[in-house]
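# Topology and contacts: notes
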Amino acid sequence: MEVTLAKRETLVHTDQEAVFEAAFKGNFKALHAYSYTMLQDEAVAEEIVQTVFMKLWESRERMAIHTSLRAYLYKSVYHESLNYLKHKKVQRKYMEEAIVAYRQQQTEETEADKELQRQLQQALRQLPEKCRTVFQLSRFEELKYQEIAERLGISLKTVEAHMGKALKLLRVQLADFLPLLLIVLPNL
């Protein structure tokens, strides 16, 4: 089939590019202004009009327009603009839902972190003082066992024993938080 213009001209003939170019140049500004009134975005309106003309060119040999070319172009620009607006609405809705889900996840993580900190502090208070001190120097100040031994004036074996005792007690006390705790305190 062929694209038939209002005056029985066609876009499918020996000089089809010139006819198409004339149709593009003769209608572009008006169609752009029409699309802009719907979209309020110059660049998107231009893209919409170019898309309509691209589709017209690509399907020129298999389509028939039973109205005027101008009416067809306006209708096509209208529908492309509406489709763009619908797509943007879906995107906005998805983004809003993603933001709500992200904020909810952040809130849940914050609450879990607070609970973990509370449970960790409670578990640490149950440790003997020397054991707690060794654990805190190792995990919070990130000192090596040898540095802890030198700082506290105790043997390396004593530091290892205190850490073993602390880790064993903390594993039991914080069993519910173990997956999260492994992230916060590796080597537990």
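Rules and cut-offs
Residues numbered from 1 in each chain as written. Predicted model: local features only at pLDDT ≥ 70, side-chain atom pairs only at ≥ 80, totals over all residues. Heavy atoms only, no water. Helix = DSSP H or I, 4+ residues; strand = E, 2+ residues; numbered from the N terminus. Buried < 20%, exposed > 50% of the residue type's maximum accessible area, 1.4 Å probe, protein only. Contact = heavy atoms within 4.5 Å. Areas by Shrake-Rupley, 256 points an atom, 1.4 Å probe, with all protein chains shown as cover. Patch = residues over 30% accessible without salt bridge, like charges linked within 9 Å, V, L, I, M, F, W, Y side chains within 5 Å. Salt bridge = Lys/Arg side-chain N within 4 Å of Asp/Glu carboxyl O. Lys, Arg positive; Asp, Glu negative; His and termini not counted. Charge placed at Lys NZ, Arg CZ, Asp CG, Glu CD. Phe/Tyr/Trp six-rings, centres within 6.5 Å; stacked < 30°, edge-to-face > 60°. Core = buried A, V, L, I, M, F, W, Y, C linked by side-chain atoms within 4.5 Å. pLDDT = per-residue confidence, 0-100.

So, about the overall build of the chain. Broken down by element type, the chain carries seven helices and zero strands. From first element to last, N terminus to C terminus, the chain shows the α and β order α-α-α-α-α-α-α. Counting across all 188 residues of the chain, residues that qualify as buried make up 31%. Considering only contacts in the chain between residues 6 or more positions apart, those separated by 24 or more positions represent 59%. For the chain, the exposed area adds up to about 12,700 Å²; of that, 53% sits on carbon and sulfur atoms.

Let us now look at helix 4 (residues 129-139). Residues of helix 4 that are buried include every one of Cys131, Val134, Phe135, Leu137, Ser138 and Arg139, and no others. On its buried side, helix 4 packs onto helix 3 (69-125), helix 5 (145-152) and helix 6 (156-173).

On the surface, Asp41, Glu42, Glu46 and Glu47 cluster together into a negatively charged patch. Here aspartate 41 shows up in the loop between helix 1 (16-39) and helix 2 (42-58).

Applying the stated criterion to the full structure yields five salt bridges. Here arginine 118 ties to glutamate 115 by a salt bridge, and the two come within 2.7 Å at their closest N and O atoms. Note that arginine 118 and glutamate 115 are positioned in helix 3 at a spacing of three residues, about one turn of the helix. A relative accessible area of 44% means that arginine 118 is categorised as partly exposed.

Here we take up the packing of aromatic side chains. Throughout the structure, instances matching the rule amount to six aromatic pairs. Summarising the aromatic geometry, the rings of phenylalanine 20 and phenylalanine 53 are spaced 5.8 Å apart at their centres and angled 85° between planes, so their arrangement reads as edge-to-face. With a gap of 33 residues between them, phenylalanine 20 in helix 1 and phenylalanine 53 in helix 2 connect regions that are remote in the sequence. The same class applies to phenylalanine 20 and to phenylalanine 53, which are both buried. Pairwise contacts between aromatic rings join Phe20, Phe24, Phe28, Phe53 and Trp57 into one cluster.

On to the nonpolar core. For soluble globular proteins, the rule of thumb is that nonpolar side chains tend to be buried together. The biggest cluster of nonpolar side chains holds 17 residues, and the ones touching the most others in it are Leu124, Phe135, Ile148 and Leu170. Contributing elements (two or more residues each) for this core: helix 3, helix 4, helix 5 and helix 6. The leading source of residues in this core is helix 6, at five residues. Apart from the residues lying within four places of it in its own chain, the contact partners of leucine 124 are Arg132, Phe135, Gln136, Phe140 and Leu170. Ranked by size, the runner-up nonpolar core spans 16 residues in total, among them Phe20, Leu31, Leu56 and Ile65.

Turning to the confidence of the model for the chain, a few remarks are in order. On average, residues of the chain carry a pLDDT of 84, and 86% of them reach 70 or more. For the chain, per-element mean pLDDT is lowest for helix 7 (residues 178-184), which scores 58, and highest for helix 2, which scores 93.

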